Structures are given as structure tokens and as C-alpha cells.
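Understanding the architecture of this molecule
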Amino acid sequence: MEWLDLSPEEWNAVRLSIKVATWAMVASLPPGLLIALLLARGKFWGKSIVNGIVHLPLILPPVVTGYLLLLTFGRRGPAGAFLAEHFGIVFSFRWTGAALACAIMGFPLMVRAIRLSIEAVDRRLEAAAGTLGANPIWVFLTITLPLTLPGVIAGMILSFAKAMGEFGATITFVSNIPGETQTLPSAIYTFTQVPGGDAGALRLTLVSIVISMAALIASEALSRRLGRRMDLE
Amino acid sequence: MTVAVDIKNRLGDFSLEARFESAGRLTALFGPSGSGKTSLVNLIGGLLRPDQGRIAAEGRVFVDTQAGVFVPKHKRRIGYVFQEPRLFPHLNVRSNLSYGRWFTPKGERHDDMGRVVELLGIGHLLDRRPSHLSGGEKQRVAIGRALLASPRLLLMDEPLAALDDARKAEIMPYIERLRDETKTPIVYVTHSIAEVARLASDVVVMAGGKVAAHGPTAEIMQRLDLLSEEEIGEGGSVVDMTVSAHDESFGMSVLHSAAGEVRVSGLGTPVGASVRVRIRARDVIIATERPRGLSALNILSGKIASISSGNGTLADVLIDCSGQIILARITRQSCHALALEPGKPVFAVVKTVSFDRANTMSGVKPG
């Protein structure tokens, strides 16, 4: 079974992928919650426009999203130049850029999962909490958020899984630099482009499957435990 | 003054216009569904905002549209028991109960957990999840949760409507204890005349979004014109009496009231306790001489106070029995045949005395 041993470069790709996916998931959680809450509960002009923009990465070809990111967050892009100058944050051709691309691509999935579970919360429970003296912020923290938790977890897992598999936007935005921006899918793609790369591609494919399955099983177990604790009436 | 309401509100096609004040321990908002009682209680609780008007309770102004005052619901310190229990599913009973305490200023927590748990008989449920409780238990926990927020006023919106008769009977005594043993005044929404007769000290009758009448329960219960077709048979006099003796040989209890003695089948209530009885107007027969050879035990003597009869076949006769008014509903024909008129001495033969289930007003623990 020696052919299963990963080379140092392959390990690099695996580690980088997990790092990128984790950051993408964690960083998109706060804005994801906010946008989901806004879409589920907010009444404001332009709500469908916000909804459309959030869902855009789902419909656009990933290459287009990646190119748009390059235009905006690239060194010469308006946002990219601003961030680099004032905060020293650089996205282009860095792993941070890969994380940004993955976060954007997974964002609609996360928002959707959280939004649906916020909409499923019985608002009468919130009204009851209000009559018991809880102001709207406390109602959100003690009633809405705990009841939304299964959806939040599902959204996080979806975002993570999407990030693990993201290819088009990432390679367009930050290219395919081993050790910096070469995530699992990029590495697999590279293997398929060189003669004799089949074994490497297969190894990384197996790793991909294992990580995705592990994430899925973990989320299932977690939401089952939450579900048992809550026993919705 | 407990509650003072004077509001106008439109919700779609429905317009609500209500004006009343009540200082009762338990004020019932009574009326058929769609009469605006729930909207009214939601306005008091701050779940709705009136178009115009003023709402004050326990000396605090909650809403005054002219002065631009609107206190949000979480600052009103009002306990609200809804038709459904609305317990928080992710918290156990203990955490549900103590939820409101978090938000109550320390100096104003007037009810402690132990007392409320004992009052409602929910001590054995504390570690359970709401999903593992029966309907009646859930509603008792919901009542406890509202009480433990130390409210200045307790609103109850048909808290028994979703329960079957056995569960209703289980909870009613606890509501009576709330009324009699806690300081918090209660506003209680119901469409059940039995609940009004048993629980209310004051009644506000709602019909078509307007207040049709309001006043003490005994007075309102005699106004048969306020009742709907189906309920009219349930209307009558509500009389507070005290248990004066138990007659073991026949298994009867003797009740004392201003109107005279009344004998009923044995009550499990100690001598000296007060009970509230309802005498339905249709259960009272009028005689001009003291009847003899009659199976009915309870014959009260009095004078006719007034007779009201419309064009229908029936007449409502108010009989003044030494200050206690007893209402009788008889046919207009009998009225004519007996030559009844105000001032005439008569005897009221009471066929049935109704208790709305063994009702105890105070001092007695519900079994």
C-alpha cells in the first residue's frame, strides 16, 4: 500500500486546503448570520437586490466570480489597493485570497441554511420572552440563536465543504502556487495535467472523500445531539 | 385602579373601541370569539400598538398616543399567559421558570421560586424538558414562568381554551389561588361563562369590538341580554355564601347567605369557608305562596324588584331576597297569570345550585 503515502507536497496541499476552508467558514459566519437575519426578518427597500447579490456566486460561473475578485481585490483593484495600503492585507496570489474566494463561493449556502432555520423559529416564543422582560438583543441571544443553532451548524458545514471543493474562482483569483495557493482541487488538477500523475490524483481524491465524509458525519452527529436536547414540540 | 383602558384601534376590517376601568382582583374580558378580547389584552401587554388612546395599569402609563408614550413590552413588567404554553423548548422547566427573573430588578422580585412551585404543584417537573409535560402541566409551568417575572399585572389569554375538561378542572383551582393568595391583579380573557362565574371579581363584556358592559361579576351575570343564544341558559345570579354546617345523616351541606339558607349536596369544604354559587335564571321557579309538597329544598322569600320583558315569550324577573338579587327567567304568560309586578312578595324556588365544580374561594387547598 505504499502508493497511498502522501508526498510532502501533497501533504502541503491537504494542510493548506483545511486551513483555507476553516478560515473561509469562520470568517463568513458573522456576516452570514447578519445577512441571514436581515433577509429572514428585515423589511427594507432593496431586500431582493441584497438577496440576489448574496446568491450571485451560486449562479455565476466560478471563473467569473474569480475574475471579479481579481478586479476588485487584486493589487490594482480598488479594494485590494486600499486594504494593502492601509492595513497591509494582501489577497492576490496568497492563501488569504484563496480563503476569500472560498468564503464568497460558500456564502450563499451558509446564508440560506441559517436563513431557513431563523424563519422556522416560532415568533410567538420571542414575544413570550419579550413579555418576560427580555429586550430584543437578549431575545435573539437566548431564544432565537439557540433555536437556530442546527441551521447555523449546517450552514458552517456546507461552507466548509464548498471551500474544500472550490476550484474555479480560486485558481482564477490566486492561481495555483504550490505551498501558497495550491489547494486540494488545484493539486488534483495539476496531477491530471502531467504524465504519470494518476496515482497522486487518486491519493488526493481519496483524501478529499475522507475529509468531506468526516465533516458530514460530524455535522449529523452534532445536529442529532442538539435535536435531542431541544425536542421541538 | 388596576387597569384603565381607553383606546381606538383598527386592524384591517376590524375596529376596536374600548373604554373601561377595573380595580378587581381578577377582571374577566368576556365575549364571543372575534369580539376583540385578545386584541385588547395584546394592547395592554404591548404586543400591539393602538392607533390612539391611553392604557394605564397599576398607576403606570403604558400607552398615551397624545403624549407620545409607548412603553415596549419588555419594560412593562406584565406577566402574560398565552392560550398555548409557549415554553422555550431548549430550556428545562427550571430554566423556563427562572427566565423572567434575570430581567427583573433585584429589589422587585416579590415571588420566590419555592413558593410559586408549591402554589402550582410543579415541584416534580423542574428537571424535565417541556416536550415531556402534559398539556395541563405545561400551562401550569407557563403560569409560574409569568409569575416569577414578578409582574405588576398578570394577563391570561384563554389559558384553558386549548385544554380538555379534565385539564381545565386541574388548573382552575390554581388560578383561584393566584387570585386569592398573590398580590398581582389579573386580567383574564375568556368566552366561557363558567370560568367568569367561578373566577372573576369583575367582568368586561366585549361584543363586536366594543365594550357592551362592565361591572362586578354578580351584576353582569344577571344581564341575560349580554349573553349569546347558546349561553343564555347559563346566565343567572352569582351569590357568595359561607358554609354554615354539614348534615351528615343526609350528606348535605348548609350554606348561609343574605338571601337565606340553601341546602346542597355535601361539599368537601370546611365550615366557615366561603363558596361562590351560581343560580341559573332558568332554574328558578316563582310562587306567590309558600309552596308545599315540593321536592325542591331551597325556597327563598323576597319581593319582586323589577320585571323586564320584551316582545318575546320570556320575562326576566329580579327578586330581592333581603338584599340579595336572584334572577328568574319565566314565560311572559306565567308572569301575567300570577299578576307579578314590582313590590309583590314572592317565593323563589331554586331547582339547582351550580358550583362550576367544587369551588372554594379561599383558604382551602385544591385537591
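Above this note sits the structure.
Model, not experiment: these values are computed from the prediction.

Attention shifts here to the interface of chain B and chain A. Where interface size is given, it is often the accessible area lost as the parts come together that is meant. Each side of the interface is counted separately: chain B has 24 residues, and chain A has 23 residues. Between chain B and chain A lies a buried interface of about 2,100 Å² when both sides are counted; carbon and sulfur atoms form 67% of it. It is B:His74, B:Pro89 and B:His90 that lose the most area in chain B upon contact with chain A, and together they represent 29% of the buried surface on that side. For the pair chain B and chain A, the interface holds 1 salt bridge.

Residues and elements named next belong to chain B. Read from one edge to the other, the open sheet built from 5 strands follows the order S16-S20-S17-S18-S19, with strand pairing classed as antiparallel. At either margin of the open sheet sits one strand with a lone partner, and together these are strand S16 (284-287) and strand S19 (324-331). Across the sheet, the mean angle separating the axes of adjacent strands is 45° when strand polarity is ignored. In this structure, S16 lies alongside strand S20 (residues 345-350), joined through 4 bridges in antiparallel fashion. Bridging from a neighbouring strand, Ile 285 pairs with Val 349 of S20.

A word on the sheet that holds strand S14 (residues 260-265) of chain B. In any sheet, the strands associate via hydrogen bonds between backbone groups, in a parallel or an antiparallel arrangement. Residue and element names in this part refer to chain B. The strand order S14-S13-S12-S15 describes an open sheet built from 4 strands, whose pairing is antiparallel. Every interior strand has two partners, whereas the edge strands, S14 and strand S15 (274-280), have only one. Averaged over all pairs of adjacent strands, the angle between strand axes in this sheet comes to 45°, irrespective of strand direction. Pairing between strand S12 (residues 236-247) and S15: 7 bridges, direction antiparallel. Bridging across to S15, Asp 240 finds its partner in Arg 276.

A separate point is the nonpolar core. All names here are of chain B. By size, the foremost hydrophobic cluster in this structure holds 48 residues, and its most contacted members are Met 156 and Ile 175. Structurally, this core is a two-domain feature, drawing no fewer than three residues from each of domain 1 (3-221) and domain 2 (237-350). What Ile 175 contacts, discounting residues up to four positions off in sequence, is Leu 26, Ile 143, Met 156, Pro 159, Leu 160, Tyr 188 and Leu 199. Listed in part, the 38 residues of the second largest apolar core include Phe 20, Ile 55, Val 63 and Met 206.

All names here are of chain B. With respect to the element layout, Thr 104 can be found in the loop between helix H2 (93-102) and helix H3 (113-120). On the basis of relative accessible area, Thr 104 is assigned to the buried category, the value being 4%. A polar side-chain atom of Thr 104 sits 3.3 Å from the main-chain carbonyl oxygen of Ala 149.

Further remarks concern the environment of B:Phe62. Residue and element names in this part refer to chain B. The residue Phe 62 is located in strand S5 (residues 60-64) in this model. Separated by 132 residues in the primary sequence, Phe 62 and Ala 194 have C-alpha atoms spaced 31 Å apart. Aside from chain neighbours lying at most four places away, what touches Phe 62 is Ile 44, Ile 55, Ala 56, Ala 57, Val 69, Phe 70, Val 71, Arg 76 and Ile 78.

What counts, and at which threshold
- Residues numbered from 1 in each chain as written.
- Chains lettered and ligands numbered in written order.
- Predicted model: local features only at pLDDT ≥ 70, side-chain atom pairs only at ≥ 80, totals over all residues.
- Heavy atoms only, no water.
- Contact = heavy atoms within 4.5 Å.
- Buried area = accessible area lost by both parts, 1.4 Å probe.
- Salt bridge = Lys/Arg side-chain N within 4 Å of Asp/Glu carboxyl O.
- Pairing = 2+ DSSP bridges.
- Helix = DSSP H or I, 4+ residues; strand = E, 2+ residues; numbered from the N terminus.
- Axes fitted to C-alpha atoms, helices over the stretch in contact; angles between N-to-C directions.
- Core = buried A, V, L, I, M, F, W, Y, C linked by side-chain atoms within 4.5 Å.
- Buried < 20%, exposed > 50% of the residue type's maximum accessible area, 1.4 Å probe, protein only.
- Domains from an automatic or database assignment.
- Polar contact = N/O pair within 3.5 Å; in protein donor to acceptor, adjacent residues only side chain to side chain.

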